[in-house]
Amino acid sequence: MRVERMSNEKFKIFLTFDDLTDRGLTRDELWEDLPRVHRVFSDMMYDAGIELGVELNGVLLVQVYLLQAQGMLVVVTKSDSDYMEEDEDYIEMKVTLDESNEMMFCFDEFEDVIQAGLQLYQLGVYGGDVFSYHNHYYMMLDDETIVHLDPEQVIALLSEFASASAVTSHRLIEYGKIVMKNDAMQNIYTYFSN
């Protein structure tokens, strides 16, 4: 579990699927077993509060983004609800679940982007985007690009060349540089195959 402060009232938690498993929760249970999810999230909030040195009480707005290959990104905002009684041990969480339809992988070298792109092209993947951001390369694939493949197969292939990333497409579009837009695997094949 990785915790990062965004402001005095907001922080984010990144959990891999292994972190979820260690906490006794599967990806499917996030949508089905709400009391259990609430308990796990309460424990996570407690751990994050200790790590950040923040006392969490009152109403917490919790936005959960499931990232296909990476795990889960949780954004927590402390609410300024004045209608609540001042009970220091009271925490109410309003949880919103959202599942991302994109996979994001981080590459150290452009050569690895080329090799992964060539293999994806051979599997019938022609779309995708490639970005440059903070001396790394990021490949983004959405559900429509890989609809004919098992997502686990794509994750396994890309894991040979890169690591799953919690960086969002919104951040890359805002702060990164686009290297290849829309038809990245087609372009990689066109320009870099023998």
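For the structure itself, consult the block above.
These lines cover the structure that appears in this document, whether it is placed above or below.

## Some words on the packing of helix α4 (residues 110-122) against helix α5 (residues 151-159)
Point 1. Look at α4 against α5: their axes get within 10 Å of each other, and the N-to-C directions meet at 150 degrees. Considering the angle they form, α4 stands roughly antiparallel to α5. In the crossing of α4 with α5, the sense of the turn from one axis to the other is right-handed. Residue-level inspection shows A116, Q119 and L120 of α4 in contact with α5, the latter providing V154, L157 and L158.
Point 2. Within the contact of α4 with α5, the residues separate by chemical class into five nonpolar, one polar and no charged.

## Some points on α4
Point 1. Its 13 residues give α4 an end-to-end C-alpha distance of 19 Å, which sits within 8% of 18 Å, the value for a rise of 1.5 Å per residue.
Point 2. Among the residues of α4, F110, V113, I114, A116, G117, L118, L120 and Y121 are the ones counted as buried.
Point 3. Looking at the buried positions of α4, the neighbouring elements they touch are β6 (102-107), β7 (129-133), β8 (136-142), α5, β10 (177-180) and α7 (184-192).
Point 4. Downstream of α4 by one or two residues, G124 has phi in the positive range, about 90 degrees.

## A short note on the nonpolar core
One broad rule of soluble globular proteins: the nonpolar side chains tend to lie buried together.
Point 1. Within the largest apolar cluster, 25 residues are counted, with the highest numbers of intra-cluster contacts made by F107, L120, M139, L141, V154, L158 and M185.
Point 2. When residues of this core are traced back to their parent elements, those giving at least two are β6, α4, β8, α5 and α7.
Point 3. Examining the composition of this core, we find that six residues originate from one element, α4, more than from any other.
Point 4. With residues up to four places along the chain from it excluded, the contact list for L120 reads V125, M139, L141, V154, L157, L158 and M185.
Point 5. V3, V40, F41 and M44 belong to the second-largest nonpolar core, a separate cluster that totals 22 residues.

## Quick notes on the sheet that holds β8
Point 1. Taken in spatial order, the five strands line up as β9-β6-β8-β7-β10 in an open sheet, and their pairing is antiparallel. The open sheet has two edge strands, β9 (163-164) and β10, and neither has a second partner.
Point 2. Two strands pair when backbone bridges link them, and β7 and β8 are joined in this way by five bridges, in the antiparallel orientation. Pairing of V130 across the sheet is with M139, part of β8.

What counts and how
Residues numbered from 1 in each chain as written. Predicted model: local features only at pLDDT ≥ 70, side-chain atom pairs only at ≥ 80, totals over all residues. Heavy atoms only, no water. Axes fitted to C-alpha atoms, helices over the stretch in contact; angles between N-to-C directions. Helix = DSSP H or I, 4+ residues; strand = E, 2+ residues; numbered from the N terminus. Parallel < 35°, antiparallel > 145°, perpendicular 65-115°, else oblique. Left-handed = near helix turned anticlockwise from the far one by under 90°. Contact = heavy atoms within 4.5 Å. Nonpolar A, V, L, I, M, F, W, Y, C, P; charged D, E, K, R; others polar. Expected span 1.5 Å × (residues − 1). Buried < 20%, exposed > 50% of the residue type's maximum accessible area, 1.4 Å probe, protein only. Core = buried A, V, L, I, M, F, W, Y, C linked by side-chain atoms within 4.5 Å. Pairing = 2+ DSSP bridges.

Purely geometric numbers; function is a separate question.
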